[in-house]
Amino acid sequence: MNSLDFFVFNTIHYPFIPPPEENRSSWVTLSNKYFDPELGYTVYNDALEVSASAEKFGYDGTLVNEHHATAWGLQPAPNLSAMHIVANTKHIPVGIIGNALPLYNNPVRVAEEIAMLDVISGGRIISGFVVGTGMEYFSAPVSPAFARERFWEAHDLILKAWTQEGPFAWEGEHFHIPHVNPWPRPIQKPFPEIWIPGLGSAETIRKCVEKGYHYMTVFSPKWMVKKFFDSYREYAEKIGVVVDRKKLKLAVMTYVAETEAQAHREAKAHLQWIYNTGLRHPQHYHGPPGYSTKQGFAAMMALRGSLPEQPNLTYEELLRDRYIIVGTPQQVGEILHEEYVEELGIGGLIGMGTWGSMPKWMIMKGLQLAAEELLPLFREKGGKPDYLKKAPLVPGSVAERAATFGKPKYPSLLKVDGIAGSIPRETAHVAEVIDSARNGKVTAPTTV
Amino acid sequence: MAIQTIAREAVPKPRNYYTEPSFLDVEGVPTAYRRKGAGKSVVFLHGAGLTRMWLPFYERMSASFDFIAPEHPGFGETPMPPWLRSFDDYVLHYHEFFRKLGLQKINLVGFSLGGWTAAEFASFYPDAVDTLTLIVPAGLRADHPLPDVFQDGPDLPLRLFNDLSKAIDVAPDPTPEEITFGYGEATTFARLAWTPRYNLALERRLHRVTAPALVIRAEDDRLISDEIAVKYRRALPNARDLIVPGTGHAAIHEEPQLVAEAIGRFISENAS
């Protein structure tokens, strides 16, 4: 097993917006008049090309996320991006760090879409479940005061829909659906890998440990994520769960170039855009009422109390507190090994991606250089990602399928006018079969 | 189902106007209320904040009336029951609260969110209301969308008050305890009214409220549009209105004397 997995992350930022001094918030209130569809065509397709390229570079997975009403990310419908990436790749896992479950009045739609993606991709889907940022609730017909309740109820409903044969009735506190019966069901058993991003909520950490989900931290300084991973480990120890380090994931924006000076020269302005413009929002947007419990709110206030507001962070502070990691592949490799693999004990880095205002050519150069000189430092001999060491879930060809699975479990028998019995789908067009059936000679083939 | 008893929580105490409340158990909810004065009973339903205080407006009202100011479930010192979902829950809560206090025909006054609650109560129990006073009430859909009260954050006082000097003595201290407490009250508010911020059924039901009604508008309300107050006056069969000159939404804080006198006159002339 490789010591650290590398995931490419795609937010599809839209950096063609007013600079900070003319822009109070890139979320909720920044008018979509700044979105130019013709330019958007390029932005989307460039970003999705980066996502798909992760496979050929040899990354461990490629991820998209979900945000609404913001220039920060153009993926309100991340399952659509995922489908595009699935269609342009063969083997690499594709992760959706959506779907923002509480925002939707029919969680079965999520169960259906993820199952569709999972089947079509041949079992390559990582299903994130997210509460969404506080900002999303300003543009949704859902009170943040019910976000957590809806999140876990939707989660329970989706898991039941994936694991129990339908139809069944769901009679919950927030959702009532008389016939839950999603077609299709996912191909991964018992269900796709589940990742939940967290900003330290104790409840999220506990549930991830209890249910064996992957826990992922985002956009926080290292000292803070250390607390989150420590509480994960403490709780795991308390309830007797052995920690699988591969389930601990960290998102930290990472960029490598040929020399240290060159890396900073290339990354600085674009990574600063993330904090001083892209993430810019009034602080109270982040935690609308009820989004956290009172206790959670007080704890977060205490934890963040000593922090400068993100838009005011300087590039030096971003580097120092490890909001970002920039350097040569060797320098970044050392930091990742010593601080993240050894010290924090994580197994997955969501590091490289379409960060900030960076142009596509620069992103691709960084991805290639990291693939050549950084990823191999953490790989077993041969340099393969772990997913290529496992047998695929689906046959690679028709012949393989026929040899492995034989005929369908349930035969397809067709009723045709003028014929008393049914005729098998495979021979429904064969005259001799039709004639015999008309004379009442053919009976249905035996079912499995 | 058995009645669930909700535990009281310790709350931070505002530096001005704090008084200890009395508590009444209302179907498991320990309901805080403050009461002072003599004469006709007047019940005041507060807005979405500025709780735990015996405000100058209350003091003036209590000079002429038996003035009762309960705190809604999830506000002030009344804890939030986990089942709280909607204004219907408040209507039934207050029906029981009034019954326990032995109040029959009520002079009901509601401010802002409390105005919405009072109007809901009156539409369900028109016979229990002797007079109805709605001060800059929420609850109906205006012709133009309201500003987003939740989006204002720390700027909210600028929208509520025209005269910010009147906000100083009631503004919460910026301590972590007060900020967290305020977050809790805002959470209750968000349970009730994040979406939708109006009740279309209420407008249709208001014709049931035949009691004399007074709608108090603020001259320059930049939070709850004056269109809503006008809609109430038109939808209530026996309503009149008046405009408090010069104030923003926080009319009872900016002009406590003037508003108290207007309500006093209205109740004295119209209560049975």
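Structure: above.
What counts as what
Residues numbered from 1 in each chain as written. Chains lettered and ligands numbered in written order. Predicted model: local features only at pLDDT ≥ 70, side-chain atom pairs only at ≥ 80, totals over all residues. Heavy atoms only, no water. Contact = heavy atoms within 4.5 Å. Salt bridge = Lys/Arg side-chain N within 4 Å of Asp/Glu carboxyl O. Polar contact = N/O pair within 3.5 Å; in protein donor to acceptor, adjacent residues only side chain to side chain. Helix = DSSP H or I, 4+ residues; strand = E, 2+ residues; numbered from the N terminus. Nonpolar A, V, L, I, M, F, W, Y, C, P; charged D, E, K, R; others polar. Buried < 20%, exposed > 50% of the residue type's maximum accessible area, 1.4 Å probe, protein only. Pairing = 2+ DSSP bridges. Expected span 1.5 Å × (residues − 1). Right-handed = clockwise from strand over helix to strand, strands pointing away. Axes fitted to C-alpha atoms, helices over the stretch in contact; angles between N-to-C directions. Core = buried A, V, L, I, M, F, W, Y, C linked by side-chain atoms within 4.5 Å. Phe/Tyr/Trp six-rings, centres within 6.5 Å; stacked < 30°, edge-to-face > 60°.

For the rest of this paragraph, the subject is the interface of chain A and chain B. Counting residues at the interface gives 27 residues for chain A, matched by 21 residues for chain B. Between the two partners, chain A and chain B, sit three salt bridges. Scanning the region where chain A abuts chain B turns up 14 residue pairs in polar contact (both at pLDDT 80 or more). For the side of chain A that touches chain B, the secondary-structure elements that each account for two or more residues are helix 8 (283-286) and helix 9 (294-304) of chain A. Across the side of chain A that touches chain B, the residue classes tally to 15 nonpolar, eight polar and four charged.

Another aspect to go through is the pairing of strand 8 (residues 214-218) of chain A. Consecutive side chains along a regular strand alternate between the two faces of the sheet. All names here are of chain A. Within strand 8, five of the five residues are buried, which leaves it mostly tucked inside the rest of the structure. By the alternation rule, side chains of strand 8 split into His214, Met216 and Val218 and Tyr215 and Thr217, which are all buried. Here strand 7 (residues 193-198) runs beside strand 8; their pairing, made up of four bridges, is parallel. Bridged to Gly198 within strand 8 is Thr217.

Turning our attention to helix 3 (residues 107-120) of chain A. Residue and element names in this part refer to chain A. An ideal rise of 1.5 Å per residue puts 20 Å on 14 residues; helix 3 measures up with 20 Å between its terminal C-alpha atoms. Looking only at helix 3, the buried set comprises Pro107, Val108, Val110, Ala111, Ile114, Ala115, Leu117 and Asp118. Next to the buried residues of helix 3 lie helix 2 (78-87), strand 3 (94-97), strand 4 (125-128), helix 4 (147-163) and strand 6 (176-180). Residue Asn106 occupies the N-cap position of helix 3, its side-chain oxygen lying 3.0 Å from the main-chain nitrogen of Val108. Directly after helix 3, the chain includes Gly122, whose backbone phi takes a positive value near 75°.

This paragraph deals with the pairing of strand 9 (residues 248-251) of chain A. All names here are of chain A. Here strand 9 shows a buried face lined by Leu248 and Leu250 and a second buried face lined by Lys249 and Ala251. When strand 8 meets strand 9, the two strands line up parallel, connected through four bridges. Bridging across to strand 9, Met216 finds its partner in Lys249. Following the backbone out of strand 8, through helix 6 (residues 222-238) and into the adjacent parallel strand 9, one traces a crossover that is right-handed. In the sheet, strand 9 pairs with strand 12 (residues 348-353) via three bridges, with the strands oriented parallel.

Moving on, we get to the environment of Thr254 of chain A. All names here are of chain A. In this structure, Thr254 sits in strand 10 (residues 253-256). On a C-alpha basis, the gap between Thr254 and Ile324 in space is 5.8 Å, while along the polypeptide they are 70 residues apart. In this view, Thr254 contacts Ile325, Val332, Leu349, Gly351, Met352 and Trp355; residues no more than four positions away in its chain are not counted. Of note is the side chain of Thr254, whose polar atom sits 2.8 Å from the backbone oxygen of Val252.

Taking strand neighbours around the barrel as the criterion, the eight strands line up as 1-2-3-4-7-8-9-12 (chain A) in a closed arrangement whose pairing is parallel. Adjacent strand axes in the sheet meet at a mean angle of 30° when their direction is disregarded.

In a soluble, globular protein the nonpolar side chains are often hidden away together inside. Within the largest apolar cluster, 213 residues are counted, with the highest numbers of intra-cluster contacts made by Phe57 and Ile135 of chain B. The dominant element in this core, judged by the number of residues it contributes, is helix 4 of chain A, at nine residues. Once residues lying within four places of it in the same chain are set aside, the contact partners of Phe57 of chain B are Phe44, Phe67, Ile135, Ile252, Pro256, Val259, Ala260 and Ile263 of chain B.

Attention now moves to unusual backbone geometry. Put simply, Gly166 of chain A and Pro167 of chain A share a cis peptide bond, and its omega is -5°. Relative to the assigned elements, Pro167 of chain A resides in the loop between helix 4 and strand 5 (168-171). In this structure, the amide linkage connecting Trp183 of chain A to the following residue, Pro184 of chain A, adopts the cis form with an omega of 5°. For Pro184 of chain A, the position within the fold is in the loop between strand 6 and strand 7. The phi torsion at Val28 of chain A lies on the positive side, around 65°, for a residue other than glycine. Secondary-structure assignment places Val28 of chain A in the loop between strand 1 (5-10) and helix 1 (37-57). Its identity as a non-glycine residue notwithstanding, Val136 of chain B has a phi of 30°, on the positive side. The exposure class of Val136 of chain B is buried, given its relative accessible area of 4%.

In this structure the tally under the stated criterion is 37 aromatic pairs over all chains. Judged by centre distance (5.8 Å) and plane angle (80°), the rings of Trp72 of chain A and Phe219 of chain A are edge-to-face. Note that Trp72 of chain A is positioned in the loop between strand 2 (61-65) and helix 2 and Phe219 of chain A in the loop between strand 8 and helix 6, a separation of 147 residues in sequence. Both residues of the pair, Trp72 of chain A and Phe219 of chain A, belong to the buried class. Taken together, a centroid distance of 5.3 Å and an interplanar angle of 40° make the contact between Phe121 of chain B and Tyr125 of chain B tilted. Relative accessible area serves as the criterion here: at 2%, Phe121 of chain B is assigned to the buried category. The structure contains a cluster of three or more aromatic residues connected by ring pairs, namely Tyr33, Phe87, Tyr90, Tyr94, Phe97, Phe98, Trp116, Phe121 and Tyr125 of chain B.

Honestly, it's all geometry; don't read function into it.
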